[in-house]
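Structure at a glance
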Amino acid sequence: MPRKNNCMRNLGWLADTIFLLGLGGCLVMISLHCFIGFGACVAPMMDWTDHHYRTLARLISKHSWLYTEMLAAETIVHQKDNLDRFLAYSPDQHPIVLQIGGSNIESLAKATELANTYCYDEINLNCGCPSPKVAGHGCFGVSLMLNPKFVAEAMSAIAASTNVPVSVKCRIGVDDHDSYHELCDFIYQVSSLSPTKHFIIHSRKALLNGISPAENRSIPPLKYEYFYGLLRDFPDLTFTINGGITSVDEVSAAREAGAHGVMVGRAAYNNPWHILGHVDATIYGTPRCGLTRRQVLEKYLAYGDSELGKYGHKPTVRDIVKPLLHLFHSEPGNGLWKRKADAAFRNCTTIESFFEETLVAIPDSVLDSPVAEPPPGRGDLFANIHNLLPPSYRKREEAVTICA
């Protein structure tokens, strides 16, 4: 029998009133607000969406879904006596999804079982990373899209090791395997051969030979029509769109066009105040609270000094401050703040001393102002998308029946 962790299945986490209940040692937040779906979420990004960034993100947005950076299943298994360093997070980071990667089914299942104690709200398998270390030498990430039967088997093993939802994050194709029909075959096989009902779709294909991971985020063209084709052809599944979405206006536009969820990546990291600062009110309909950056920094200060050196020499002041370096994006004093930060990293040993040395660069008017009107985005990004959809997918057995 699969081992269960007694963590309650998350149903949206959108609450005006929240209760904390102890279930199997886990703190679980129960929402009394209406279920609105997956709404907006922050993409898993290696070396970026760590515990520090997620803490900052949650201080700004109470409702965005947060994803961990990808953790290799083998790392979790081999570090089973040191798991807090990799899997622990503060309870207020809910709703939070653990993304794992790997190509060994036993390790994926074992890693999921070990993660049960930490009560993540969903387990996600990475089938989208194009990094040579992952998709090449590691034989996982986006290369798994070439073997949907294996992905289905892996997802079945993951689902059998937990009682929270499971999902897959993938691209729309790999190299020359980039037709809409091949993408549908992947979705169909994984969803019909495993319990997977939620897919996060990065709307670019991956090129595995000759370009870097950064170039894979810009050179292959976006094909949002593939994503919306999946919504049409798989009405019983849940899909979150990812890739190239950089403003709250665009999140709203994607949802209005039918997307169940919208994932924002580097825009939410590089400009957290103006992206995440609007999510709760615009996407989830909560009242604006007048939060200021000074209030965020006061709370982050308490967090940062409590985390400093928690694991020997790590994390350092630089590690903890890294997510803050984009908090004043495009504001007066931003350039001077970053220059002062570079100098402060050399001598500051606490987060408090770092703030004392650097925040003099930021005017009080910036520190004490609530989030301004959201920056304009391409609100018409998906306006014509339903006229661009690829031909409907015909499952193989349906095609055989018609031919007969």
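Residues numbered from 1 in each chain as written. Predicted model: local features only at pLDDT ≥ 70, side-chain atom pairs only at ≥ 80, totals over all residues. Heavy atoms only, no water.

In the annotation of an unreviewed UniProt entry, the chain is listed under the name tRNA-dihydrouridine synthase A and assigned to Cajanus cajan.

Focus on the overall build of the chain
The helix and strand inventory of the chain stands at 17 helices and 11 strands. Across the 404 residues that make up the chain, the buried fraction comes to 53%. Long-range contacts, defined here as pairs at least 24 residues apart, represent 73% of the contacts in the chain between residues at least 6 apart. Just so you have it, the chain exposes about 17700 Å², and 54% of that area is on carbon and sulfur atoms. (Helix = DSSP H or I, 4+ residues; strand = E, 2+ residues; numbered from the N terminus. Buried < 20%, exposed > 50% of the residue type's maximum accessible area, 1.4 Å probe, protein only. Contact = heavy atoms within 4.5 Å. Areas by Shrake-Rupley, 256 points an atom, 1.4 Å probe, with all protein chains shown as cover.)

Quick notes on helix α6 (residues 148–160)
The end-to-end C-alpha separation of α6 is 18 Å, in line with the 18 Å expected for 13 residues at 1.5 Å each. The inward-facing, buried residues of α6 abut β6 (96–101), α4 (105–115), β7 (122–127), β8 (166–171) and α7 (180–193). (Expected span 1.5 Å × (residues − 1).)

Re the side chain of R58
Along the chain, R58 turns up in helix α1 (residues 51–60). Buried and unpaired, R58 has D92 as its nearest opposite-charge partner, separated by 6.1 Å. Discounting residues that sit within four places of it in the chain, R58 has contacts with H63, S64, L66, D92, Q93, H94 and P95. (Lys, Arg positive; Asp, Glu negative; His and termini not counted. Salt bridge = Lys/Arg side-chain N within 4 Å of Asp/Glu carboxyl O.)

A closer look at the pattern of salt bridges
Should the charged atoms of two oppositely charged side chains come close, the side chains can pair. One pass over the structure, following the stated rule, counts 8 salt bridges. Salt-bridge contacts for D364 lead to R294; the nearest nitrogen and oxygen are separated by 3.2 Å. Taken as a pair, D364 in helix α16 (residues 364–367) and R294 in helix α12 (residues 293–307) lie far apart in primary sequence, 70 residues in all. A salt bridge links R294 to D368; the nearest nitrogen and oxygen atoms lie 2.6 Å apart. One end of the pair, R294, is in helix α12; the other, D368, is in the loop between α16 and α17 (396–403), with 74 residues separating them in the sequence. Assessed through its relative accessible area of 29%, R294 is described here as partly exposed. Ionic contacts of the salt-bridge type, sharing partners, join the residues R294, D364 and D368 into one network.

Thoughts on the pairing of strand β3 (residues 39–42)
Across 4 bridges, the pairing between β3 and strand β11 (residues 261–264) is parallel. Bridging across to β11, A40 finds its partner in V262. Sheet topology places β3 next to strand β4 (residues 65–67); 2 bridges connect them, and they run parallel. When the bridges of β4 are listed, C41 appears paired with W65. (Pairing = 2+ DSSP bridges.)

Regarding the packing of α12 against helix α15 (residues 351–358)
Contact geometry for α12 and α15: axes closest at 8 Å, N-to-C directions at 140°. If you check the angle between α12 and α15, you find them oblique. Between α12 and α15, the contacting residues are L297, L301, G304 and D305 on the first element and I351, E352 and F355 on the second. By residue class, the composition of the contact of α12 with α15 is 4 nonpolar, 1 polar and 2 charged. (Axes fitted to C-alpha atoms, helices over the stretch in contact; angles between N-to-C directions. Parallel < 35°, antiparallel > 145°, perpendicular 65-115°, else oblique. Nonpolar A, V, L, I, M, F, W, Y, C, P; charged D, E, K, R; others polar.)

Some words on unusual backbone geometry
Residue H94 is joined to P95 through a cis peptide bond whose omega torsion reads -5°. Here P95 is to be found in the loop between α3 (84–87) and β6. A cis amide bond links K314 to the next residue, P315, at an omega of -10°. Turning to its location among the elements, P315 is positioned in the loop between α12 and α13 (317–321). Despite not being glycine, C119 has its phi angle at roughly 60°, a positive value. Tracing the backbone through its elements, the reader meets C119 in the loop between α4 and β7.

Points about the packing of α7 against helix α8 (residues 224–233)
Between α7 and α8, the least distance of the axes is 11 Å, while the angle of their chain directions is 50°. The orientation of α7 with respect to α8, classified from their angle, is oblique. For the pair α7 and α8, the sense of crossing is right-handed. Judged by residue contacts, Y180, L183, C184 and I187 of α7 engage Y226, G229, L230, R232 and D233 from α8. (Left-handed = near helix turned anticlockwise from the far one by under 90°.)

Some thoughts on the environment of G335
Tracing the backbone shows G335 in helix α14 (residues 334–344). When its relative accessible area of 36% is taken as the criterion, G335 is described as partly exposed.

Description of the nonpolar core
Across soluble globular proteins, you tend to see nonpolar side chains buried next to one another. Counting residues in hydrophobic clusters, the biggest one holds 117 residues, and the most contacted among them are L125, I187, Y228, F239, I241, F354 and F382. Residues from two domains meet in this core; each of domain 1 (40–284) and domain 2 (293–368) gives at least three. If we ignore the near neighbours within four places in the chain, the residues touching F239 are I187, H198, F199, I201, F227, L230, L231, F234, A259, H260 and G261. (Core = buried A, V, L, I, M, F, W, Y, C linked by side-chain atoms within 4.5 Å. Domains from an automatic or database assignment.)

Re a negative patch on the surface
Taken together, D305, E352, E356 and E357 make up a surface patch of like negative charges. With 3 residues, α15 is the single largest residue contributor to the negative patch. Along the polypeptide, E357 turns up in helix α15. (Patch = residues over 30% accessible without salt bridge, like charges linked within 9 Å, V, L, I, M, F, W, Y side chains within 5 Å. Charge placed at Lys NZ, Arg CZ, Asp CG, Glu CD.)

Quick notes on the pairing of strand β10 (residues 238–242)
For β10, the buried fraction is high: 4 of the 5 residues fall into the buried class. Each parallel crossover has a hand, and the one from strand β9 (residues 198–202) via α8 to β10 is right-handed. Bridge count between β10 and β11: 3 bridges; the pairing is parallel. Residue pairing for β11: T240 is matched across the bridge by G261. Between β10 and its parallel partner β11, the chain crosses via helix α9 (residues 248–256), and the hand of that crossover is right-handed. (Right-handed = clockwise from strand over helix to strand, strands pointing away.)

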